[in-house]
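Listed here are the chains, written in short residue letters.
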Amino acid sequence: MEQRLINYAKAAYELGITSEMLEEPREVIDGSAELKRLYADASVVRADKEEVTSDLARSCGWDKHVRNFLMFLSGTAYILRLADICDQMDRLRAKDEDVLDARLYCVHPPTDEQRDRLEKYLLDRFGGTSINLHIEVHTDLIGGFVIRVGDVTINRSMQRTAIQLGRVLKFK
């Protein structure tokens, strides 16, 4: 993750802006080809981008802190990366609240019992008072699962097993 993006997320987080507060602005900007072109166009001066952002924020009734943050970002290409900024803000909040953030990639979602056992295992291994487990279905794994917690990846997929087996057979 780029340090500047992380710094913007920290600034917003410290101002009390939440990712939920940025959800509507993110949807508005992502849903408008005209706004995306405006923010990406280096020939448009910062003051014009800030004015458009301010008018948009007022017409939508966005919080003044959100408006000011977006006006600042509008002068940079990072306004087009609100989703990444929000993800980083959620990580900061989870860290402050001692919530473990984990991602499970699997062919089929786990049963409630499997999920409970997995959450207990992850909390025991990585620590935390609670867990935020994101589950994504990836049929290309063939079977098994992949878990990501921070920089740690636990890969127990059939896809990985098949690749490893292919390497072993190649060398024999």
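Residues numbered from 1 in each chain as written. Predicted model: local features only at pLDDT ≥ 70, side-chain atom pairs only at ≥ 80, totals over all residues. Heavy atoms only, no water.

**Student:** Just checking my understanding: could you explain the sheet that holds strand β1 (residues 99–106) for this structure?
**Tutor:** The strands that make up a sheet pair up through hydrogen bonds in the backbone, lying either parallel or antiparallel. The strand order across the open sheet built from 4 strands is β2-β1-β3-β4, with neighbouring strands paired in mixed fashion. Edge positions in the open sheet fall to β2 (130–137) and β4 (152–157), since each of these has one partner strand only. Across the sheet, the mean angle separating the axes of adjacent strands is 15 degrees when strand polarity is ignored. Sheet analysis places β1 next to strand β3 (residues 144–149), joined by 5 bridges and oriented antiparallel. Counterpart to R103 in the pairing with β3 is R148. (Pairing = 2+ DSSP bridges. Helix = DSSP H or I, 4+ residues; strand = E, 2+ residues; numbered from the N terminus. Axes fitted to C-alpha atoms, helices over the stretch in contact; angles between N-to-C directions.)

**Student:** It is not clear to me how the side chain of R67 should be interpreted in this structure. Could you clarify?
**Tutor:** Secondary-structure assignment places R67 in helix α5 (residues 64–74). Put simply, R67 is tucked away with no salt bridge, and the nearest opposite charge, on D63, sits 8.6 Å away. Ignoring anything within four residues of it in the chain, the contact list for R67 reads S54, A57 and R58. (Buried < 20%, exposed > 50% of the residue type's maximum accessible area, 1.4 Å probe, protein only. Lys, Arg positive; Asp, Glu negative; His and termini not counted. Salt bridge = Lys/Arg side-chain N within 4 Å of Asp/Glu carboxyl O. Contact = heavy atoms within 4.5 Å.)

**Student:** I tried to follow helix α4 (residues 46–60) on my own but got confused; where do I start?
**Tutor:** Owing to its 3.6 residues per turn, the α-helix aligns residues three or four sequence positions apart on the same side. In this model α4 runs 21 Å from its N-terminal to its C-terminal C-alpha over 15 residues, within 8% of the 21 Å that 1.5 Å per residue would give. As for α4, its buried residues are in contact with α2 (23–30), α3 (33–40) and α5. (Expected span 1.5 Å × (residues − 1).)

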